[in-house]
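Fold and geometry: a report
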Amino acid sequence: MNQAVNQTVPAASAEPLKSRRQRLYRTLWRWHFYAGVCCIPFVIILALSGAIYLFKPQFEDWVDRPYHQLAVSGQAVSVNQQIATARAAVPGSQFMTYQLPASEASAAIISVSDAGIRTLVYVDPYQNTVLKQIAYNDQFMQQVKAFHGALLAGTAGSVIVELAACWAVILVVTGLYLWWPRTSKGFAGVLYPRLRQGRRIFWRDIHGVTGFWLASFTLFLLISGLPWTTVWGAAFKELRQWNTAPVEQSWSSGAAKAAPAWRPLAVDRVDLSDTVVSAVRELELAPPVELSVAASEPLLIKASSLTQNRPKRATVWLDGETGNVQRASNFTQKGALDRVIGFGIAAHEGQLFGWFNQLLGVITALGLVLLCVSGTVLWWRRKPAKKLGAPASVPAGRAGVVVSAIILALGIALPLVGMSLLAVLVLEWLILRRFRATRDWLGLAKQA
């Protein structure tokens, strides 16, 4: 008798449990679908532009190769003379930074500013002639960076990119739940795709399997990019101020402005002696190294390593007359959180561990494009005519509580997700469910 009871209890409860799981699956599938519809164009943009930016050092070395093959003849003119030549090339400009030549046969790259526009001037240190000049923001990789981070649309574009990236987090999390094997036997369709079982299975497996293998890399790229963003990055910095002194981050969020402590200087303040430059060379900071002059007394020179491998960055302040080091800071002196984010940014940009880091970035970017294409194919093949083709809405029951808790947590962690959710819910309640055409096209339940 007891044995019979023990056998029948699970059978009695199996159907409701299965139903709850089905409702949860369908609800998360619906969220996954809508997140994909919103994110796919931006995921493709971020993936392709990010893949290009991974090769910034190699590309810039290739573009500048004529300026690393100069004829070495006699003694180079003084650094101050080179700066004067650069400023003369942009009349009325003020000196900003001097980049150490990469070798004896390399040009000096001098940054000057006129009416807020920063220009890079390449100067032959032997002939003291201008070889090239280009607005800083007109450089190809700066354009790629601006497109990747803000769609070349300023703060508004930055917020749009951040919103898409935050929803992409939801896309990945819900996708992992949908991928999770429940009835599969073996690894086919789970860890590798089935290629010979028809188009429907082919595209579904390509989408699911690719998504699984890329999930951790994608989440890393999305999360490591958040400190740069306008809303999340600014909020994160503000939270850090609560229990500590004012924070000087080694990165800037989308809403941050350039620090004003090192400004363009008038001609009578430019005094970058060859003694100081020689002292900076002896420090062997990771290139590229920029020197700037502080608007202070006594005169200080700031030497900064701008390598994209951030753990190798260091900043040194030297006496402007003697070249003696006054103080220095490097990556190991930063707080634990800054170091973690620094590692994340370096890996995000493909510069933390050499060519393999870049290779992983390219594979992830191409995989994301494949995910977008396969997801679009799956949607198009199952989409009814004249409808968006969202998974049918079902009563959520307890599954709705689970989903709501997950979405609420993500809405708190990612403020733009929370704000966009509120906007969508209000729009849905006020308009979308009240009109049959929009209700049917979106697959929404009738307004109660």
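In this text the structure is predicted, and so the values were computed from the model without any measurement.

**What to know about the state of the cysteines**
In protein structure, a disulfide is the covalent linkage between the sulfur atoms of two cysteines. Considering all chains together, one arrives at 0 disulfides under this definition. Unpaired in terms of disulfides, Cys38 finds its nearest cysteine sulfur in Cys39, a separation of 6.3 Å. There is no disulfide at Cys166, and the cysteine sulfur nearest it, in Cys39, is 9.3 Å away. Of the residues examined, Cys166 reaches a relative accessible area of 1% and is grouped as buried.

**Regarding the pattern of salt bridges**
Scanning the entire structure with this criterion turns up 4 salt bridges. The residue Lys132 makes a salt bridge to Asp64 at a minimum N-O spacing of 3.7 Å. On the criterion of sequence distance, the pair formed by Lys132 in strand β4 (residues 129-135) and Asp64 in the loop between α2 (56-63) and α3 (79-89) is long-range, its members being 68 residues apart.

**Comments concerning the sheet that holds strand β8 (residues 325-330)**
Strands in a sheet are paired, the pairing made by backbone hydrogen bonds, and the direction either parallel or antiparallel. Judged by pairing direction, the sheet is antiparallel, and its 8 strands sit side by side in the order β4-β3-β2-β1-β5-β6-β7-β8 without closing on themselves. A single partner strand is all that each edge strand has here, and the edge strands are β4 and β8. Averaged over all pairs of adjacent strands, the angle between their axes in this sheet comes to 20°, without regard to strand direction. Strand direction decides the pairing type here: strand β1 (residues 94-99) and strand β5 (residues 289-293), joined by 2 bridges, are antiparallel. The residue bridging Gln99 from the neighbouring strand is Glu290, located in β5.

**Quick word on the side chain of Thr364**
Assignment of secondary structure puts Thr364 in helix α10 (residues 354-382). We classify Thr364 as buried; its relative accessible area is 3%. A distance of 2.8 Å separates a polar side-chain atom of Thr364 from the backbone oxygen of Leu360. Contacts of Thr364, omitting those with residues within four sequence positions, involve Leu214, Phe217, Thr218 and Leu221.

**Some details on the packing of aromatic side chains**
In this structure the tally under the stated criterion is 14 aromatic pairs. Taking 6.1 Å as the distance between ring centres and 15° as the angle between the ring planes, the aromatic pair formed by Trp31 and Trp167 counts as stacked. Placement of Trp31 in helix α1 (residues 2-53) and of Trp167 in helix α5 (residues 154-179) is noted, with a sequence separation of 136 residues between them. Trp31 gets classed as partly exposed once you look at its relative accessible area, which sits at 24%. A relative accessible area of 12% means that Trp167 is categorised as buried. Between Trp355 and Phe356, the aromatic rings sit 5.8 Å apart at their centres with planes inclined by 85°, giving edge-to-face as the arrangement. The rings of Trp179, Trp180, Phe212 and Trp213 are connected pair by pair, giving a single aromatic cluster. In this structure, Arg118 packs its charged tip against the face of Tyr136, placed 4.3 Å from the ring centre. The cationic tip of Arg327 hangs over the ring face of Trp317; the distance from NZ or CZ to the ring centre is 4.3 Å.

Definitions and cut-offs
Residues numbered from 1 in each chain as written. Predicted model: local features only at pLDDT ≥ 70, side-chain atom pairs only at ≥ 80, totals over all residues. Heavy atoms only, no water. Disulfide = S-S within 2.5 Å. Buried < 20%, exposed > 50% of the residue type's maximum accessible area, 1.4 Å probe, protein only. Salt bridge = Lys/Arg side-chain N within 4 Å of Asp/Glu carboxyl O. Helix = DSSP H or I, 4+ residues; strand = E, 2+ residues; numbered from the N terminus. Pairing = 2+ DSSP bridges. Axes fitted to C-alpha atoms, helices over the stretch in contact; angles between N-to-C directions. Polar contact = N/O pair within 3.5 Å; in protein donor to acceptor, adjacent residues only side chain to side chain. Contact = heavy atoms within 4.5 Å. Phe/Tyr/Trp six-rings, centres within 6.5 Å; stacked < 30°, edge-to-face > 60°. Lys NZ or Arg CZ within 6 Å of the ring centre and 35° of its normal.

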